[in-house]
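The lines below spell out each chain.
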Number of protein chains: 2
Amino acid sequence: MAMLVDILAVGKLKDRALQMRCDEYMTWLGAYGKIHLETVPDSDPNREGSVLLQRLAKERHAHVIALAEEGREYTSVDFAHHLDGIQSKVIFIIGGPCGLSPEVKRQSNELWSLSRLTFTHEMARFLLLEQLFRAQNILHGGHYHRE
Amino acid sequence: MAMLVDILAVGKLKDRALQMRCDEYMTWLGAYGKIHLETVPDSDPNREGSVLLQRLAKERHAHVIALAEEGREYTSVDFAHHLDGIQSKVIFIIGGPCGLSPEVKRQSNELWSLSRLTFTHEMARFLLLEQLFRAQNILHGGHYHRE
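Computed from a predicted model, the values in this text were never measured in an experiment.

A. Main features of the environment of Leu53(A). Residue and element names in this part refer to chain A. Relative to the helices and strands, Leu53 resides in helix H2 (residues 45-57). C-alpha of Leu53 to C-alpha of Val104: the two residues are 51 residues apart in sequence and 6.5 Å apart in space. The contact partners of Leu53, leaving out residues within four places of it in the chain, are Glu103, Val104 and Gln107.

Here it is as structure tokens:
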């Protein structure tokens, strides 16, 4: 099945170097399906949360994965197969510098932790895109992911 | 105690965007002590391993932490305090695209896994530098790391 992914990210990517890398992965991911990245203005977790929840209210059939430190960890291979098993659009949510509101986490289908380490929200966006590309590579073959 | 860190990394950083970010973190880290990054030519894990082991043979009192997927995971705060507790020079080893030889892992004091996810070795270098800077910020105060 073709990939259908929306990413809702809080705050702009100010780091030009990471922005370049993210743009590149977005282009590469376009070969595997439809990927769309939308940013929500950075304010405070509650206000950001209201905007995110309004956006989610329009997508009742999507599978929502929020990035959160307390979430479940996956290996890249497990993540790829997990993603492959989801039959609907997948929406990833990345919070801003102060994290996501509890209500957004509660309304998500699952919480995913990229690492036990804390990274900046800008790095999280880059790591997510890289893992999405790696997942497509694992599922469809390619030389990007080596066991 | 001032930070005293050597990083032995296999292969050049070809990604200019990540190189820019790494240079920036290296400069920032210089404020906290001495950090030195050395690259070993990229060939195959065994040959790379011999070069790394020769280099380690000169540093009998250093604490060697090899980055490996099967290693222990830390939170950023636990990593900071762990690092702070090491009384000698710390040497981090980052393998190339094909990983580290078993002998290098065996001769390291510990194996550390940045995440259960697989990243490129270039990303690992960037993530390590960011975590070292975050650790100094956790230990010495600053606004970079937010709980």
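B. Main features of the pairing of strand E2 (residues 33-40) of chain A. Direction of pairing for strand E1 (residues 3-10) of chain A relative to E2(A): parallel, over a ladder of eight bridges. The residue bridging Asp6(A) from the neighbouring strand is His36(A), located in E2(A).

C. Just the interface of chain A and chain B, in detail. The interface of chain A with chain B comprises 23 residues on the first partner and 23 residues on the second. Grouping the constituent residues of the side of chain A that touches chain B by class yields eleven nonpolar, six polar and six charged.

D. Main features of the sheet that holds strand E3 (residues 63-72) of chain B. Residue and element names in this part refer to chain B. Read across the open sheet, the five strands follow the order E2-E1-E4-E3-E5; overall the sheet is parallel. Edge positions in the open sheet fall to strand E2 (33-40) and strand E5 (110-112), since each of these has one partner strand only. Averaged over all neighbouring strand pairs, the angle between strand axes comes to 30°, with direction disregarded. Here four bridges tie E3 to strand E4 (residues 90-94), and the two strands are oriented parallel to one another. Bridged to His63 within E4 is Val90.

E. Summary view of the sheet that holds strand E3 (residues 63-72) of chain A. Residues and elements named next belong to chain A. Pairing is parallel across the open sheet formed by five strands, whose spatial order is E2-E1-E4-E3-E5. This sheet does not close on itself; its edge strands, each paired only once, are E2 and strand E5 (110-112). Averaged over all pairs of adjacent strands, the angle between strand axes in this sheet comes to 30°, irrespective of strand direction.

F. Layout of the relation of the copies chain A and chain B. With an RMSD of 0.0 Å, chain A superimposes on chain B once it is rotated by 180° and translated 0.0 Å along the axis. Taken together, these values place the two copies in the relation of a two-fold axis.

G. Spatial organisation of the environment of Leu132(A). Residue and element names in this part refer to chain A. Mapped onto the elements of the fold, Leu132 is located in helix H5 (residues 121-140). Sequence-wise, Leu132 and Met26 are 106 residues apart; in three dimensions their C-alpha atoms are separated by 9.5 Å. Setting aside residues up to four positions removed in sequence, Leu132 forms contacts with Val5 and Leu29.

H. Broad picture of H5(A). Residues and elements named next belong to chain A. The end-to-end C-alpha distance of H5, which contains 20 residues, comes to 29 Å, matching closely the 28 Å that a straight helix rising 1.5 Å per residue would cover. Here H5 lies mainly inside the structure; 15 of its 20 residues are buried. Gly141 occupies a position one or two residues after H5 and carries a positive phi of about 85°.

I. Representation of the nonpolar core in the model. With 80 residues, the main nonpolar core has Phe92(A), Ile93(A), Phe92(B) and Ile93(B) as its most contacted residues. Excluding residues that lie within four positions of it along the chain, Ile93(B) makes contacts with Leu8(B), Leu52(B), Val64(B), Ala66(B), Leu67(B), Leu100(B), Val104(B) and Ser108(B).

J. Here's a closer look at the confidence of the model for chain A. Mean pLDDT for chain A: 95, with 99% of residues reaching 70 or above. This complex was scored by the predictor with a pTM of 0.94 and an ipTM of 0.93.

K. Looking closely at the packing of helix H3 (residues 76-85) of chain B against helix H5 (residues 121-140) of chain B. Residues and elements named next belong to chain B. For the pair H3 and H5, interaxial distance at closest approach is 9 Å and the crossing angle is 80°. Relative to H5, the element H3 is oriented roughly perpendicular. The segment H3 lies against H5, with Ser76, Val77, Phe79, Ala80, Leu83 and Asp84 engaging Gln131, Arg134, Ala135, Ile138 and Leu139. Residue classes in the contact of H3 with H5 are distributed as seven nonpolar, two polar and two charged.

L. Highlighting the pairing of strand E4 (residues 90-94) of chain A. Residue and element names in this part refer to chain A. Burial within E4 is extensive, with five of its five residues counted as buried. Pairing analysis gives five bridges linking E1 to E4, with the strands arranged parallel. Across the sheet, Leu8 pairs through a bridge with Ile93, a residue of E4. In this view, the connection linking E3 to its parallel neighbour E4 by way of helix H3 (residues 76-84) has right-handed handedness.

Reading the values: the criteria
- Residues numbered from 1 in each chain as written.
- Chains lettered and ligands numbered in written order.
- Predicted model: local features only at pLDDT ≥ 70, side-chain atom pairs only at ≥ 80, totals over all residues.
- Helix = DSSP H or I, 4+ residues; strand = E, 2+ residues; numbered from the N terminus.
- Contact = placed C-beta atoms within 7 Å.
- Pairing = 2+ DSSP bridges.
- Nonpolar A, V, L, I, M, F, W, Y, C, P; charged D, E, K, R; others polar.
- Axes fitted to C-alpha atoms, helices over the stretch in contact; angles between N-to-C directions.
- Least-squares fit on C-alpha atoms with pLDDT ≥ 70 in both.
- Expected span 1.5 Å × (residues − 1).
- Buried ≥ 20, exposed ≤ 12 C-beta atoms within 10 Å, placed from the backbone.
- Core = buried A, V, L, I, M, F, W, Y, C linked by C-beta atoms within 7 Å.
- pLDDT = per-residue confidence, 0-100.
- Parallel < 35°, antiparallel > 145°, perpendicular 65-115°, else oblique.
- Right-handed = clockwise from strand over helix to strand, strands pointing away.

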